[in-house]
Amino acid sequence: MTTLHRFSRADLVPTPWKNGGGATREIACWPPGAGLDDFDWRASIATIAASGPFSKFEGVDRTIMLLDGDGVALQGEGVQHRLDEALQPFAFSGDVALNCTLLGGASSDFNVMSRRERCTAQVAVIAQAQALDAAREGLLLSLHGDWRAGDETLASGEGLWWADTPRRWTLEPLTPNAALVAVRWSRCTQTGIQET
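Reference entry: report on the structure contained in this document. Since this is a predicted model, take the numbers as computed values, not measurements.

This brings us to the sheet that holds strand β9 (residues 90-93). Taken in spatial order, the six strands make up an open sheet running β2-β3-β4-β11-β6-β9, and their pairing is antiparallel. Sheet topology places β2 (14-16) and β9 at the edges, where each strand pairs with a single neighbour. Put simply, the sheet's adjacent strands are angled 30° from each other on average, direction ignored.

This is the structure in structure tokens:
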């Protein structure tokens, strides 16, 4: 089944965290209907409103990227990172218990999770015209400005994601200072070879 979905950041529904420290707006999760314990991959936008612990996700690789706000400091075993520069992806293991400290006011960030035994993710911020190699599963989100992605047009805050059918994209910024995040998931096989 071919899956291609458009979405808008403004329409994503927030789900409050149990600890009250923020809220998450899920963009996409695969397979459809999977919970936090059995997804293959997941993409979301979170608002961090208070300092506190990050949830652990055993067996999951994570990438986080500041979208706006003052950012946070992440601290844990083997991790000491200031997430205070927008649009700079930071990858870390979900196995590590992290504490998050606000560096100022509330911040929002883009999050990608991939279950390590099933797939890996590549997260890139794009600011100029280029072609993306085919990926069976992926996501595009315009962070600033307008973009043309193949036959699709994305305004700031709009995106699309796809699954189960390899797609190549030709990306072109339509406005000055445009930026877009592209996520491509590659599947892991039993032989350890990844396939797109």
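Below, the discussion takes up unusual backbone geometry. For the bond from W30 to P31, the omega torsion is 0°, close enough to zero to count as cis. Structurally, P31 can be placed in the loop between β3 (22-30) and β4 (41-48). Here D164, not a glycine, exhibits a phi torsion of approximately 75°, which is positive. By the element assignment, D164 lies in the loop between β17 (158-163) and β18 (167-173). Looking at D164, the relative accessible area reads 36%, which means it is partly exposed. Phi angles above zero are rare outside glycine, and N177 is one such case at about 55°. Mapped onto the fold, N177 is located in the loop between β18 and β19 (179-188).

Rules of the game
Residues numbered from 1 in each chain as written. Predicted model: local features only at pLDDT ≥ 70, side-chain atom pairs only at ≥ 80, totals over all residues. Heavy atoms only, no water. Pairing = 2+ DSSP bridges. Helix = DSSP H or I, 4+ residues; strand = E, 2+ residues; numbered from the N terminus. Axes fitted to C-alpha atoms, helices over the stretch in contact; angles between N-to-C directions. Buried < 20%, exposed > 50% of the residue type's maximum accessible area, 1.4 Å probe, protein only.

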